[in-house]
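Residue strings, one per chain:
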Amino acid sequence: MNLPLYINYPSWIHPEIFPNIPVLGLLRWYGLMYIFAFGTAFFILKKLLKEGALDSKDSEGKIVATTEDEIFSFIATGIIFLLIGARVFSTLVYDTSGDYWHKPWLIFWPFKNGRFTGLAGMSYHGGFIGGLLGMIFWCWRHKKPTMKWIDAMCTAIPLGYTFGRIGNFMNGELYGRITTMPWGMVFPTVPISERFSSKVEWVAAFMDKIGMQAVEGQLANLPRHPSQLYEALFEGLVLFSIIWILHKRKPFDGFTGGLYALGYGLFRFVIEYFREPDADIGYRFSVDGAQIYENTSLLNISTGQILCSLMILGGIGILITCWILDKRKKRKAEQGD
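The structure presented is a predicted model; accordingly, all values stated were derived computationally and were not measured.

Trainee: So what exactly am I meant to see when it comes to the packing of helix α1 (residues 29–51) against helix α2 (residues 68–94) here?
Mentor: α2 packs onto α1 with a crossing angle of 145 degrees between their chain directions and a minimal axis gap of 10 Å. Here the hand of the crossing between α1 and α2 comes out right-handed. Within the contact between the two elements, α1 uses Tyr34, Phe38, Ala41, Phe42, Leu45, Lys46 and Leu49 and α2 uses Glu68, Ile71, Phe72, Phe74, Ile75, Ile79 and Leu83. A per-class count over the contact of α1 with α2 returns 12 nonpolar, no polar and 2 charged.

Right, here's the structure in full:
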C-alpha cells in the first residue's frame with residue numbers, strides 16, 4: 001500500500017487557545033501572535049538602541065541618545081496606525097459586499113449577528129500604509145530623523161511578521177492553491193464551495209496521483225500549498241536575515257526601508273502564485289479564465305500582486321531618492337569644509 005502524498009492538517013490545532021472553555025475560548029492564537037510580533041519588534045529595537053542606531057544630533061552637532069520610553073512610544077503609535085490601516089483597507093478594498101462603504105461604523109464593530117467576532121479581517125498592505133504614516137507622524141511630532149527610525153523599524157518588522165503568518169496557519173486561513181506536492185496540506189476550513197466531486201475526471205486523476213481515497217457521498221477536500229508557512233519563512237525569517245546582515249553596513253538612511261519594501265514585495269509577489277486569491281475577488285487580470293484554485297499562467301494576476309508591484313516600485317523609488325539626497329548632503333558637507 002502506497003503512503004499518501006499529502007499531509008492532513010493537525011487535528012489538535014484550533015483557532016482558540018482554550019477551545020470549548022467559556023470565556024477563555026475567546027482567546028485566539030492569532031491575537032496572541034500579534035502580541036509576539038509586537039514584542040519581537042520591541043526587543044529588536046532595544047538591541048538597535050544599544051548599538052546607537054537610533055541616536056541623533058542636535059542643532060549644535062551633539063549626540064542625543066534615544067530612550068526606551070521613546071521606543072515604546074514609537075511602537076505604540078505605529079501599532080495604532082497599523083491596526084487602523086489594516087482594518088480599513090481590509091473592509092473597504094477586499095470586502096466586495098459594499099456593506100462597509102454604506103455603514104462605515106461597522107469597520108470597527110466587533111460583533112456580527114449578535115455574536116462577538118473581534119475585528120476579523122486585516123490587510124497587510126493596509127497595515128503597511130497605516131504603520132508608515134504612524135511612524136512619519138511620530139517622527140514629525142518628536143522631531144526625530146524619519147528615515148533613520150523607519151530603517152530601524154523595518155529591521156524589526158520581518159521577524160515579528162513571521163508570527164502573524166503562523167497565526168494565519170493556526171486559523172487555517174489564507175491557504176494556497178491545490179497541489180500534488182508531498183507537503184500539500186488538507187485544511188479542514190476549506191468551504192464546501194471549494195471542494196470537488198471525485199467523479200470528475202481531473203479530480204479522480206488528481207486523487208489517484210496523491211493516493212487519496214474518495215469517500216462516498218462527500219466532496220473531495222484536495223491538499224493545498226501551506227502558503228502561510230511559505231510567507232512566514234520568506235517574508236519573515238529570510239527577509240529578516242538579509243536585513244539584519246546588512247543593517248550595520250547600510251550606506252545611507254532610508255536604505256533599510258527601501259530594501260524592506262523591495263524584498264517583501266518580491267517575495268510576496270512570487271508566493272501569490274501559490275496562495276489562493278479571495279474567492280469573491282478572484283484574479284484582477286486573467287489570460288485564460290483559470291479558476292482561483294489553479295496555477296496555470298504567470299499572467300494571472302491577483303490583487304495582492306498588484307499591491308506588491310507598487311511596493312517593489314516604491315522600494316526602488318525610496319532607494320534612489322535617499323541615495324541622491326545622501327550624495328547631495330555629503331557634497332554640501334564637503335563644500336562647507
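Trainee: Before we go on, may I ask you to explain the nonpolar core in this structure?
Mentor: In summary, soluble globular proteins display a tendency toward joint burial of nonpolar side chains. In this structure, Leu45, Phe74, Tyr260 and Tyr264 are the most contacted members of the largest nonpolar core, which totals 35 residues. At the level of secondary structure, the elements contributing two or more residues to this core comprise α1, α2, α4 (124–142), α5 (146–171), α7 (227–246), α8 (255–271) and α9 (303–336). Ranked by the residues each element gives to this core, the list is headed by α5, at 7 residues. Filtering out sequence-adjacent residues up to four positions away, Phe74 remains in contact with Leu45, Met135, Trp138, Cys139, Trp149 and Met153. Residues Val186, Ile210, Ala220 and Leu222 belong to the second largest nonpolar core, which totals 12 residues.

Trainee: Explanation requested: the pattern of salt bridges in the structure shown.
Mentor: Note on pairing: side chains with opposite charge can pair once their charged atoms come close. Per the counting criterion, the structure on display carries 13 salt bridges. Between Glu51 and Lys248 there is a salt bridge; the shortest N-O distance is 3.9 Å. Residue Glu51 is found in helix α1, and its partner Lys248 is found in the loop between α7 and α8; the two are separated by 197 residues along the sequence. Between Glu194 and Arg224 there is a salt bridge; the shortest N-O distance is 3.7 Å. Placement of Glu194 in the loop between β6 (185–186) and α6 (201–210) and of Arg224 in the loop between α6 and α7 is noted, with a sequence separation of 30 residues between them. Overall, the relative accessible area of 1% leaves Arg224 in the buried class. Three or more residues joined by partner-sharing salt bridges are found here, namely Arg165, Glu231, Arg268, Glu272 and Arg275.

How each quantity is defined
Chains are numbered independently. Their residues run from 1 in the order of the written sequence. Residue-level local features of this predicted model are given only where pLDDT is at least 70; pairs of side-chain atoms are given and counted only at 80 or more, and the full residue set underlies all totals for whole chains, interfaces and linings. In computing side-chain values, all of the structure's heavy atoms are included and hydrogens and water are not. In this description, a line fitted to the C-alpha atoms serves as the axis of each element, helices being fitted only across the stretch in contact, and the angle between N-to-C directions of two axes falls anywhere from 0 to 180 degrees. Note on conventions: DSSP H or I runs of at least 4 residues are helices, E runs of at least 2 residues are strands, and numbering of each starts at the N terminus. Crossing handedness is defined as follows: a turn of the near helix away from the far one that is anticlockwise and smaller than a right angle gives a left-handed crossing, while the clockwise case is right-handed. The contact definition used throughout considers only heavy atoms, calling two residues in contact when any of these lie within 4.5 Å. Residue polarity follows a fixed list, in which Ala, Val, Leu, Ile, Met, Phe, Trp, Tyr, Cys and Pro are nonpolar, Asp, Glu, Lys and Arg are charged, and the others, Gly among them, are polar. Side-chain atoms within 4.5 Å are what join buried Ala, Val, Leu, Ile, Met, Phe, Trp, Tyr and Cys residues into a set we call a nonpolar core. Under the scheme applied here, a residue whose accessible area is under 20% of the maximum for its type counts as buried, over 50% as exposed, and between as partly exposed, the area being computed with a 1.4 Å probe on protein chains only. Salt bridges are defined as contacts in which a side-chain nitrogen from Lys or Arg sits within 4 Å of a carboxyl oxygen from Asp or Glu.

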